[in-house]
Amino acid sequence: FTSRQPDPDRVRTTCGYCGVGCALDVVVRDDRVAAVLPAPDGPVNRGHACVKGRFSYGYLTSAERLTEPLVRRNGALTPVSWDEAIGVVADGLRAAVEQGGPDAVAAISSARATNEENYLVQKFLRTVIGTNNVDNCSRLCHAPSAAGLTASFGRAGGTDPFDDVETADCFLVVGANPVEAHPVVGARLLQRALGGAALIVADPRAVGLARHADLHLRPRPGTNVALFHGLAHVLIAEGLTDPDFLRDRATGLDELTTLLTDYPPTRVAEITGVPAEDVTAAARLYGRAERPAVIYGLGVTEHLHGTDGVRTLANLPILRGAVGGTGHGFGISPLRGQNNVQGASDMGALPDLLPGYRRVTDPEARARAEAVWGRPVPPTPGLRIPEMFTAARESRLRALWVIGEDVCATDPDSRRVAEALDACPLVVVNELFLSETARHADVVLPVASWLEKDGTFVNFDRRFQRVRAAVRPPGMARTDFDVIQAVAAAMGSDLGCRTPADALSECGRAAPVFAGLSHARLDREGAVPWPCSSPDRAGEATLYAEEFATPDGRAHLSAAPYLPPGEEPDADYPLLLVTGRRWAHYNSGSMTRRGGNLLLDARGLLDLHPEDAARYGVRDGAPVTVDSRHGQARLIARVGPDLAPGQVFCAFHFPDEGVNSLTSEHADAVTSCPEYKVTAVRLRPTVPE
Ligand code: SF4
């Protein structure tokens with residue numbers, strides 16, 4: 001098939017892997033996916049897609065798909081009817097509330113769920129159970145973006161539309177590897193760099209873009225804040241700021257200027273390992289550009305001080321006056337890792353925020369939601385994901401519903417996560433496969449994947465796009481939307497939204513920033529960014545043209561000092577491990593590992609420098625055992641120059657190999673986002689058993 005052939009059996013949908021949000025045309029034959037093609041008129045991808053979106057659909061027909069509900073009987077997960085499974089869930093939730101009150105119940109939602117499903121699950125927890133114990137997987141990745149960008153600018157998203165990269169003339173790409181993790185974005189950035197735009201890459205690894213960069217800054221993992229302060233120091237010292245913007249639209253300059261006297265490039269070089277002249281050169285390149293852009297990824301957020309990292313990085317466009325519709329820059333954009341991680345938070349699947357980021361502690365916000373939902377909303381913030389696990393281990397949590405997350409594979413210190421699930425009297429898991437988490441569940445509910453359901457996703461630059469079912473889910477599998485409705489009904493409640501379209505419309509009544517959105521509008525227009533306050537107004541692709549959304553209408557500079565990471569190398573654990581993604585796989589790999597046509601990266605690899613390989617007697621391609629203070633992983637060594645000596649890297653797509661048993665429980669103080677990017681480890685050749 002070519003992407004231009006007319007075909008009545010094509011279904012336009014949005015990719016369910018990364019947060020770029022590529023529009024895809026799914027070619028269907030006999031209720032099976034025959035091909036997936038990048039939509040030539042896709043708003044973000046413009047006819048492009050990567051290996052995941054195009055070819056990773058073989059999992060749909062995998063013999064391992066769950067096709068019937070399972071309930072644990074005499075220790076074994078046993079097939080039952082939907083009625084029986086829903087009854088067990090409803091009875092279990094009721095019992096948990098009776099024994100421990102509403103706060104004895106919690107749910108973890110995810111980017112795998114549509115906006116409408118995320119909306120429904122938070123509504124279920126708040127109005128049927130009576131708790132704010134709902135969270136989503138952004139807790140583990142971009143929660144510091146939401147907190148940091150809100151504190152700096154007022155809204156929990158990137159400031160400008162990605163299409164503006166076409167006019168940006170300098171890119172500062174920090175802690176991101178878009179060539180592998182967001183390939184369509186990576187390709188567009190590469191085109192801009194090859195076309196003459198300046199490119200600064202700040203990343204400990206020689207990621208794909210670094211090979212084309214004017215400057216590659218390689219900070220030691222965990223030292224981002226010092227690096228950003230060094231760049232800001234040079235901007236101020238060399239007069240590369242926008243005094244009018246700082247006077248009229250920002251606040252916090254005096255405090256930041258005082259702090260930055262402690263961060264001259266020479267001191268920053270000592271902390272970060274980045275040569276002082278490179279710090280100065282990068283600041284000059286960014287500061288002298290006409291339209292500079294900051295783009296960042298999880299290398300900024302997944303740290304002990306991730307929110308400080310976001311905020312101090314956001315200082316740069318504020319100092320430069322390159323944000324707020326000034327025409328002088330692109331602002332700042334977080335590359336959201338997963339397809340709908342932005343939307344899951346937008347919809348209020350968060351313990352402290354209602355749909356549209358309105359605080360549960362705000363009586364006016366609660367009153368608006370209560371008027372729409374017809375039920376009271378609890379005023380006390382609920383538990384975050386790590387707190388849910390602690391509560392389960394301490395017997396305070398009696399029921400946990402996990403929707404689309406394999407928490408045993410993807411959350412840090414996975415051995416402790418499994419202990420928490422085993423301690424919880426009722427664990428319900430909505431899944432495609434019998435994941436690690438599902439193996440610890442009492443009830444496993446088979447659900448539809450992104451190619452089998454209707455709704456919407458929100459991509460990394462805040463665009464709502466439609467998701468459409470191309471094929472039917474296998475066997476008895478149902479959508480998460482149907483399952484949540486059914487459990488509510490079994491508990492005697494009607495959630496009131498018959499269809500996903502109803503749910504999005506209702507969400508718009510509860511949250512003014514989504515009031516202009518509907519499935520009908522998205523069907524007509526393709527993509528609409530939020531905020532979008534009215535059906536007859538365009539969404540705001542560029543934010544803050546008139547004022548920032550902070551209480552005083554100004555952008556807020558952050559004067560947070562640099563603080564060291566949670567773990568440092570020592571004699572016992574002399575290496576620093578960074579975890580991340582690889583190009584062909586997605587998260588726990590449950591879908592991409594079952595693609596059937598992805599033969600590369602079939603095992604977990606550990607990247608390390610030749611000096612470390614020689615020091616520890618490890619050969620390229622040989623099995624290697626990695627130990628941390630928390631656990632052990634067995635991987636295959638890949639020796640090369642992409643990392644500095646003393647640092648190693650691996651992905652978390654292969655749960656059997658135990659990567660997330662290595663990572664610690666250190667987490668960002670503001671958001672509880674785990675410090676996946678800094679773990680002290682040691683390694684040795686694996687001895688055959
Ligand atoms: Fe596009 Fe990301 Fe999907 Fe690849 S994984 S097709 S870049 S949305």
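Before any of the text, the structure's been laid out above.
The sections below set out a description of the structure shown in this document. (Residues numbered from 1 in each chain as written. Predicted model: local features only at pLDDT ≥ 70, side-chain atom pairs only at ≥ 80, totals over all residues.)

### Comments concerning the overall build of the protein chain
Operational definition: In DSSP terms, a helix is any run of H or I states spanning at least four residues, a strand is any run of E spanning at least two, and both are numbered starting from the N terminus. Radius of gyration here uses only the C-alpha atoms, and the compact-globule reference equals 2.2 Å multiplied by the residue count raised to the power 0.38. As a rule, residues whose C-beta atom has 12 or fewer other C-beta atoms within 10 Å are exposed, those with 20 or more are buried, and those in between are partly exposed; C-beta atoms are placed from the backbone. A pair of residues counts as a contact when their C-beta atoms, built from backbone coordinates, are within 7 Å of each other.
Scanning the protein chain for helices and strands turns up 24 helices and 28 strands. In terms of overall size, the protein chain behaves like a compact globule, its C-alpha atoms giving a radius of gyration of 24 Å where 689 residues would be expected to give roughly 26 Å. Taken over the C-alpha atoms alone, the protein chain extends approximately 70 × 65 × 55 Å along its principal axes. For the protein chain, the residues scored as buried account for 62% of the 689 residues in total. Across the protein chain, the fraction of contacts at a sequence separation of at least 24, relative to all contacts at a separation of at least 6, is 73%.

### Concerning the site of the ligand
Selection rule: As a rule, any residue with its backbone-derived C-beta atom within 6 Å of a molecule or strand is reported as near that molecule or strand. Nonpolar residues are Ala, Val, Leu, Ile, Met, Phe, Trp, Tyr, Cys and Pro. Charged residues are Asp, Glu, Lys and Arg, and all others, Gly as well, are polar. Domain extents, as shown, originate in an automatic or database domain assignment.
Neighbouring the ligand are 14 residues; Cys15, Cys18, Cys22, Cys50 and Gly53 lie closest to it. Residue assignment for the shell around the ligand shows that the elements contributing at least two residues are α1 (51-55) and α6 (183-194). Taken together, the residues of the shell around the ligand break down into nine nonpolar, four polar and one charged. Two domains each donate at least three residues to the shell around the ligand, and these are domain 1 (10-61) and domain 3 (151-334).

### So, the pairing of strand β19 (residues 455-458)
Which entries qualify depends on this criterion: Should DSSP find at least two bridges between two strands, the strands are taken to pair.
Along β19, one buried face is formed by Gly455 and Phe457 and the opposite face, lined by Thr456 and Val458, is buried too. In this sheet, strand β20 (residues 463-467) lies alongside β19 in antiparallel orientation, the contact comprising four bridges. Across the sheet, phenylalanine 457 pairs through a bridge with glutamine 465, a residue of β20. Turn length for the β19-β20 hairpin, with the two strands adjacent in sequence and antiparallel, is four residues, and the turn residue arginine 462 shows positive phi of about 70°.

### Notes on unusual backbone geometry
In this chain, tryptophan 530 is followed by proline 531 through a cis amide linkage whose omega measures 0°. Looking at the secondary structure, you find proline 531 in the loop between β21 (527-529) and β22 (555-556). Residue aspartate 30 is not a glycine yet carries a positive backbone phi of 50°. Along the polypeptide, aspartate 30 turns up in the loop between β2 (23-29) and β3 (32-38). A count of 7 C-beta atoms within 10 Å places aspartate 30 in the exposed class. Unlike most non-glycine residues, asparagine 74 shows phi in positive territory, near 50°.

### Regarding the sheet that holds strand β5 (residues 76-79)
What links the strands of a sheet is backbone hydrogen bonding, and the strands pair in either a parallel or an antiparallel sense. Where we set the bar: Only the stretch in contact is used when a helix axis is fitted, and all axes are lines through C-alpha atoms; the angle between N-to-C directions ranges over 0 to 180 degrees.
Overall, mixed pairing links the seven strands, which are arranged β5-β4-β18-β17-β16-β6-β7 in an open sheet. The two strands at the open ends of the sheet, each matched to only one other strand, are β5 and β7 (134-136). For this sheet, the mean inter-axis angle between neighbouring strands, taken without regard to orientation, is 20°. Bridge count between strand β17 (residues 426-431) and strand β18 (residues 443-446): four bridges; the pairing is parallel. Its bridge partner being in β18, asparagine 430 is matched across the sheet by leucine 445. Contacts from helix α3 (residues 115-129) reach β6 (105-109), β7 and β16 (399-403), with the element oriented near 175° to β6.

### Some remarks on the environment of threonine 625
Mapped onto the elements of the fold, threonine 625 is located in strand β25 (residues 623-628). Each C-alpha atom, one on threonine 625 and one on leucine 683, is 5.6 Å from the other, the two residues being 58 residues apart in sequence. With residues up to four places along the chain from it excluded, the contact list for threonine 625 reads Gln632, Arg634, Leu683, Arg684 and Thr686.

### Section: the packing of helix α15 (residues 363-373) against helix α21 (residues 500-510)
Going by this rule: By the definition used in this description, the sense in which the near helix is turned from the far one sets the handedness, with an anticlockwise turn below a right angle giving left-handed and a clockwise turn giving right-handed.
With their axes 8 Å apart at the nearest point, α15 and α21 run at an angle of 145° to one another. The two elements α15 and α21 meet at a crossing, and its hand is right-handed. For the pair α15 and α21, contact is made by Arg368, Ala369 and Val372 and by Glu506, Arg509 and Ala510, respectively. Residue composition of the contact of α15 with α21, by class: three nonpolar, no polar and three charged.

### Thoughts on the sheet that holds strand β1 (residues 10-14)
Reading across from one edge, β1-β2-β3 is the order of the three strands in this open sheet, with antiparallel pairing throughout. In this open sheet, the two strands that pair with only one neighbour each are β1 and β3. Sheet twist, expressed as the mean angle between neighbouring strand axes with direction ignored, is 30°. As paired strands, β1 and β2 are joined by five bridges and run antiparallel to one another. Along β2, the bridge assignment pairs threonine 14 with alanine 23.

### Looking at the nonpolar core
Note the following rule: In these notes, a nonpolar core means any group of buried Ala, Val, Leu, Ile, Met, Phe, Trp, Tyr and Cys residues linked to one another through C-beta atoms within 7 Å.
Ranked by internal contacts, the top residues of the largest apolar core, which has 197 residues, are Phe171, Ile200, Leu231, Leu313 and Leu400. With eight residues, the single largest contributor to this core is helix α7 (residues 224-237). In this structure, phenylalanine 171 is in contact with Leu189, Arg192, Ala197, Leu199, Ile200, Ala293 and Ile295, ignoring residues within four places of it in sequence. With 26 residues, the next largest nonpolar core counts Leu608, Val618, Val648 and Phe649 among its residues.

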